[in-house]
Amino acid sequence: MLRLCKFSNSEKTMIKIIKENYSSSSNSRYVLDKNYQFLQHSKVPTMHFQKSMPRLPIPELSKTGERYLKALKPLLSSTQYADAEKRTNNFILKEGKELQAKLIAKDKVNKHTSYISDYWFDLYLRDRVPLPINYNPLIVFQNDSRPAYNDQLVRATNFLVTASRFMLSLRESILEPEVFHMQPKKSDTQLFRTVTGLLPSSLSWYGAYLFKAFPLDMSQFPGLFNATRIPQIDKDRIFRDPSSKHVVVQRKGHFYVFDVLDSNGNLLSPEELLGNMAKIISDDKPSADFPLGILTSQNRNDWAKQRQHLEEIGNAEALKKIDSAIFNLVLDEDSIHEDKHKILRQYLHSDGNNRWFDKSFSLIVTKDGVSGINFEHSWGDGVGVLRFFQDTYKEITNKPFIHPESTPSDNHITVEKLSFKIDDKIKECVQNAQMEYKKWCDSLSIDYILYEDLNREDCKKLKVSADCIMQLGFQAAYHLLYGTYVGTYESCSTSAFKHGRTETMRPCTEKTKAFCDQLHSNNYSKDSLRTLMTECSSYHSELVKEAAMGQGFDRHLFALQKMAEENNIQTEIYDSFEYKYLNKSILSTSTLSSPNVLAGGFGPVTREGFGIGYSAFTDKLGAAVTSYKDHNNSTQFVEALHKSFVDITKILSG
């Protein structure tokens, strides 16, 4: 029986309010559509596995000593190694034992975190060197295959829409938890999500483990948004404001802010966001005479003093708008046409005038739509950034909300250009920073290699680790140029543990040394080298597994050093030649494995070193190499690396 629906007076009032608020906009459907508001709708809460995640283990002291000595052996002479062995054994038997007991005791009363977490945050925040090149890495997206979607306004707005949806999903705890699936066909399923979602948080990790799936730590994810590193004397701090509704946009050295969420916390429609972006892009003001962003490129103590002065002369509110913004969206005037040399410079450092290196991350879009990220490193590592990178890229290329023919809406236009009070002191600081930064960037040598005769799939078929092959190439290239072996750092995530950060994997081993020595000798056998390569690969994979499972030695020794400092315990090992030599990372390396990555990299961590961001793709091997011209030449290294890859390919094919 059909019954007519009658509304109460209160229901009529509510309908009237909704009509008044939304019926004037043709885009109102977006505001009320939960499928639009959120990028993901995970039934398993985002942080569901955090409570039951295993804690980062503190390795046995004797094992750490053994691993440390193995890493030292290829770097030292026999006499140096004998001294190092004696020092290490003395440390393990004496003060190391006391420090280990203190570290374990401290870890037991801090079960909410890992033994390394606070020390690692402190390490970053206390360092006074400038953020660009030294710390902030770059990741660049592949271009859209449809040229019209690489228009700056179209692409930037699509990123804005999707990034905001990612952020809202995270805020609502419906962003899919980060999980490493050993057998995706069995665990990356609805059954897995149903079972683990029904389990209490205190047991959920164990449920995932039964599926051979490993949830990863997500404690860093909130640091992606509404966050900025604030410079302070001696130690910076991280500022967060999870309630803010606006983004900051940089263009020509100017700062603009506008709300991406309405008064109810709902994301504006794509056309409304396009309208705000269009207003900024149509602003015909010339470039800023004194772009304040360049100040973030300086030594942290210098910048701390200048920022304090900026606040004192009346800029506190404007700076807070930047600090609290959901993220920083940078619109560059440069067109770089996929020139990879330009891309690496643009996203690693640029001229600094249109950057704010302190923001948790800046999403940068050039005039011709090349897009990428430069991110501040103290708040977190690559796991969270890469997840954000992949999820946003997937949507804007498959289901973008803005199209070349989209029309901007005039509703909810809240663009405000931030104005700053600048005195002669700040003007002088800006000019000095520009000169110093240009000189510094000009001293940097940057090059890259794309090697197409070997790839990840080839390595898999030939039963060698692609990561090992690339690291072996780096060792061979350095040995070819300099005839020696040096401290080599490969970053390895320990996010399988609660509040895990990274561990160092040491890819320069006795086995890689034996391979390079024989490869560069006058007389060598391909069969012998192939055998050595297999041994290198097996040992490399073992070291990677140890590091990922919290069984490296670097973070453990570092934590013991911090315990010695806290307890005023004198130790010989940390002042030794061998410890300093190993930890002077001449080859600093990190990998990014994603088909969506066009380029990735970072600067050298020492003046004498190389910074190497690399990837083993399905169709090629690639690496971006940076160094300082007064010590090294990246192009020479790339040439030596190409020769090494050719040699390795010949040995593998034979």
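- In the nomenclature of an unreviewed UniProt entry, the protein chain corresponds to Choline/carnitine acyltransferase domain-containing protein from the organism Pieris macdunnoughi.
- Looking at the Sequence similarities (unreviewed entry) heading of the UniProt record, one finds this comment for the protein chain: "Belongs to the carnitine/choline acetyltransferase family."
- Here is the UniProt Catalytic activity (unreviewed entry) comment for the protein chain, exactly as written: "4,8-dimethylnonanoyl-CoA + (R)-carnitine = O-4,8-dimethylnonanoyl-(R)-carnitine + CoA".

Section: the overall build of the protein chain
- Within the protein chain, the secondary structure is distributed over 23 helices and 18 strands.
- Scaling as 2.2 N^0.38, a compact globule of 654 residues should have a C-alpha radius of gyration of about 26 Å, and the protein chain matches this with 26 Å.
- For the C-alpha atoms alone, the extent of the protein chain along its principal axes is close to 90 × 70 × 55 Å.
- Residue pairs at least 24 apart in sequence account for 78% of intrachain contacts in the protein chain once pairs closer than 6 positions are excluded.
- Within the structure as shown, the protein chain displays about 28400 Å² of accessible surface, and the carbon and sulfur contribution to it stands at 52%.
- Seen as two clouds, the 82 positive and the 80 negative side-chain charges of the protein chain have centres 5 Å apart.

Re the nonpolar core
- Counting 116 residues, the largest nonpolar core has Phe 91, Leu 295, Phe 515 and Phe 637 as its most contacted members.
- Considering each element in turn, this core owes the most residues, 9 residues, to helix 18 (residues 466–482).
- Mapped onto the domain boundaries, this core takes at least three residues apiece from domain 1 (61–112 + 452–653) and domain 2 (129–172 + 222–443).
- Every residue in contact with Phe 91, bar those within four places of it in the chain, is listed here: Leu 61, Gly 96, Lys 97, Leu 99, Leu 557, Leu 560, Thr 571, Ile 573 and Tyr 574.
- Membership of the second largest hydrophobic core comes to 52 residues, among which are Leu 39, Leu 160, Ile 280 and Leu 331.

Considerations on the packing of helix 18 against helix 23 (residues 634–653)
- At a closest axis distance of 8 Å, the pairing of helix 18 and helix 23 adopts a crossing angle of 125°. As the angle between them shows, helix 18 and helix 23 are arranged oblique. The two elements helix 18 and helix 23 cross, and the hand of that crossing is right-handed. Residues Ile 469, Met 470, Leu 472, Gly 473, Phe 474, Ala 476, Ala 477, Tyr 478, Leu 480 and Leu 481 of helix 18 lie in contact with helix 23, whose contacting residues are Gln 636, Phe 637, Ala 640, Leu 641, Lys 643, Ser 644, Phe 645, Ile 648 and Leu 652.
- Considering only residue class, the contact of helix 18 with helix 23 consists of 15 nonpolar, 3 polar and 1 charged.

A closer look at the sheet that holds strand 15 (residues 587–591)
- What the 6 strands build is an open sheet, ordered 12-18-17-15-13-14; its pairing is mixed. Edge positions in the sheet fall to strand 12 (444–451) and strand 14 (502–505), since each of these pairs with one other strand and no more. With strand direction ignored, the average angle separating the axes of adjacent strands in the sheet is 20°.
- Pairing of strand 15 with strand 17 (residues 610–616), which is carried by 5 bridges, proceeds in the parallel orientation. Residue pairing for strand 17: Ser 588 is matched across the bridge by Gly 611.

Some words on the UniProt feature "domain: Choline/carnitine acyltransferase" (unreviewed entry) in the protein chain
- Here the UniProt-annotated "domain: Choline/carnitine acyltransferase" (unreviewed entry) positions come out as residues 56–643.
- Helix makes up 45% of residues 56–643 and strand makes up 15%, while its end C-alpha atoms are separated by 40 Å.

A few points about the pattern of salt bridges
- Taken as a whole and assessed by the stated rule, the structure comprises 34 salt bridges.
- The residue Asp 122 makes a salt bridge to Arg 126 at a minimum N-O spacing of 3.0 Å. Placement of both Asp 122 and Arg 126 in helix 7 (residues 117–126) is noted, with a separation of 4 residues, approximately one turn of the helix.
- Note that Lys 235 and Asp 122 form a salt bridge whose closest N and O atoms lie 2.9 Å from each other. Of this pair, Lys 235 sits in the loop between strand 4 (227–230) and strand 5 (237–240) while Asp 122 is found in helix 7, placing the two residues 113 residues apart along the sequence.
- Assessed through its relative accessible area of 31%, Lys 235 is described here as partly exposed.
- Salt bridges linked by common partners bring Arg 128, Arg 229, Asp 236, Arg 300, Asp 358 and Glu 376 together as one network.

Notes on the packing of helix 6 (residues 95–108) against helix 21 (residues 554–566)
- Where helix 6 meets helix 21, the axes come as close as 9 Å, and the angle between the chain directions of the two elements is 95°. Judged by the angle between their axes, helix 6 and helix 21 are roughly perpendicular. Across from Leu 99, Gln 100, Lys 102, Leu 103 and Lys 106 in helix 6, the residues of helix 21 making contact are His 556, Ala 559, Leu 560, Met 563, Ala 564 and Glu 566.

Things to note about the state of the cysteines
- Scanning all chains against the criterion turns up 0 disulfides.
- Cysteine Cys 492 shares no disulfide, and the gap to the nearest cysteine sulfur, in Cys 468, comes to 14 Å.
- The closest cysteine sulfur to the non-disulfide-bonded Cys 536 is located on Cys 468, 5.6 Å from its own sulfur.
- The buried category is assigned to Cys 536, whose relative accessible area is 3%.

Overview of the pairing of strand 17
- Taken across its 7 residues, strand 17 has 7 buried, putting it largely inside the fold.
- Burial along strand 17 is two-sided: Phe 610, Ile 612, Tyr 614 and Ala 616 facing one way and Gly 611, Gly 613 and Ser 615 facing the other are all buried.
- Summarising the sheet, strand 17 and strand 18 (residues 621–628) pair through 7 bridges and their orientation is antiparallel. Bridge pairing links Phe 610 to Ser 627 in strand 18.
- Joining the antiparallel neighbours strand 17 and strand 18 is a turn of 4 residues.

Quick word on the environment of Ile 294
- Tracing the chain through its elements places Ile 294 in the loop between helix 12 (270–281) and helix 13 (300–324).
- The spacing of Ile 294 and Asp 447 is 153 residues in sequence and 24 Å in space, taken between C-alpha atoms.
- Among residues more than four places away in sequence, those in contact with Ile 294 are Asp 351, Gly 352, Asn 353, Val 430, Ala 433, Gln 434 and Tyr 437.

Brief notes about the domain arrangement of the protein chain
- Domain boundaries in the protein chain define domain 1 (61–112 + 452–653), domain 2 (129–172 + 222–443) and domain 3 (179–215).
- A separation of 36 Å is found between the C-alpha centroids of domain 2 and domain 3.

As for the environment of Tyr 539
- Assignment of secondary structure puts Tyr 539 in helix 20 (residues 526–548).
- The exposure class assigned to Tyr 539 is buried, which follows from its relative accessible area of 17%.
- If we ignore the near neighbours within four places in the chain, the residues touching Tyr 539 are Lys 70, Thr 509 and Lys 511.

Here we look at the packing of aromatic side chains
- Considering all chains together, one arrives at 33 aromatic pairs under this definition.
- Ring plane angle 75° and centroid distance 5.8 Å describe the contact between Phe 225 and Phe 388, whose orientation is recorded as edge-to-face. Placement of the pair is Phe 225 in the loop between strand 3 (213–215) and strand 4 and Phe 388 in helix 15 (residues 382–398), with a sequence separation of 163 residues.
- Taking 5.9 Å as the distance between ring centres and 75° as the angle between the ring planes, the aromatic pair formed by Tyr 437 and Trp 440 counts as edge-to-face. A residue pair is termed a helical-turn pair when its members lie 3 or 4 positions apart in one helix, as Tyr 437 and Trp 440 do in helix 16 (residues 424–442) at 3 residues. Comparing Tyr 437 with Trp 440 shows no difference in burial state: the two are buried.
- Chaining the aromatic ring pairs together yields one cluster made of Tyr 68, Phe 91, Phe 553, Tyr 574 and Tyr 579.
- Its end group placed over the ring of Tyr 149, Arg 146 keeps NZ or CZ at 3.9 Å from the ring centre.
- Sitting above the plane of the Phe 121 ring, Arg 501 keeps its charged end 4.8 Å from the centroid.

So, how was this worked out
Residues numbered from 1 in each chain as written. Predicted model: local features only at pLDDT ≥ 70, side-chain atom pairs only at ≥ 80, totals over all residues. Heavy atoms only, no water. UniProt positions renumbered as here; feature names shortened; annotations may be inferred. Helix = DSSP H or I, 4+ residues; strand = E, 2+ residues; numbered from the N terminus. Rg over C-alpha atoms; globule rule 2.2 N^0.38 Å. Contact = heavy atoms within 4.5 Å. Areas by Shrake-Rupley, 256 points an atom, 1.4 Å probe, with all protein chains shown as cover. Lys, Arg positive; Asp, Glu negative; His and termini not counted. Charge placed at Lys NZ, Arg CZ, Asp CG, Glu CD. Core = buried A, V, L, I, M, F, W, Y, C linked by side-chain atoms within 4.5 Å. Buried < 20%, exposed > 50% of the residue type's maximum accessible area, 1.4 Å probe, protein only. Domains from an automatic or database assignment. Axes fitted to C-alpha atoms, helices over the stretch in contact; angles between N-to-C directions. Parallel < 35°, antiparallel > 145°, perpendicular 65-115°, else oblique. Left-handed = near helix turned anticlockwise from the far one by under 90°. Nonpolar A, V, L, I, M, F, W, Y, C, P; charged D, E, K, R; others polar. Pairing = 2+ DSSP bridges. Salt bridge = Lys/Arg side-chain N within 4 Å of Asp/Glu carboxyl O. Disulfide = S-S within 2.5 Å. Phe/Tyr/Trp six-rings, centres within 6.5 Å; stacked < 30°, edge-to-face > 60°. Lys NZ or Arg CZ within 6 Å of the ring centre and 35° of its normal.

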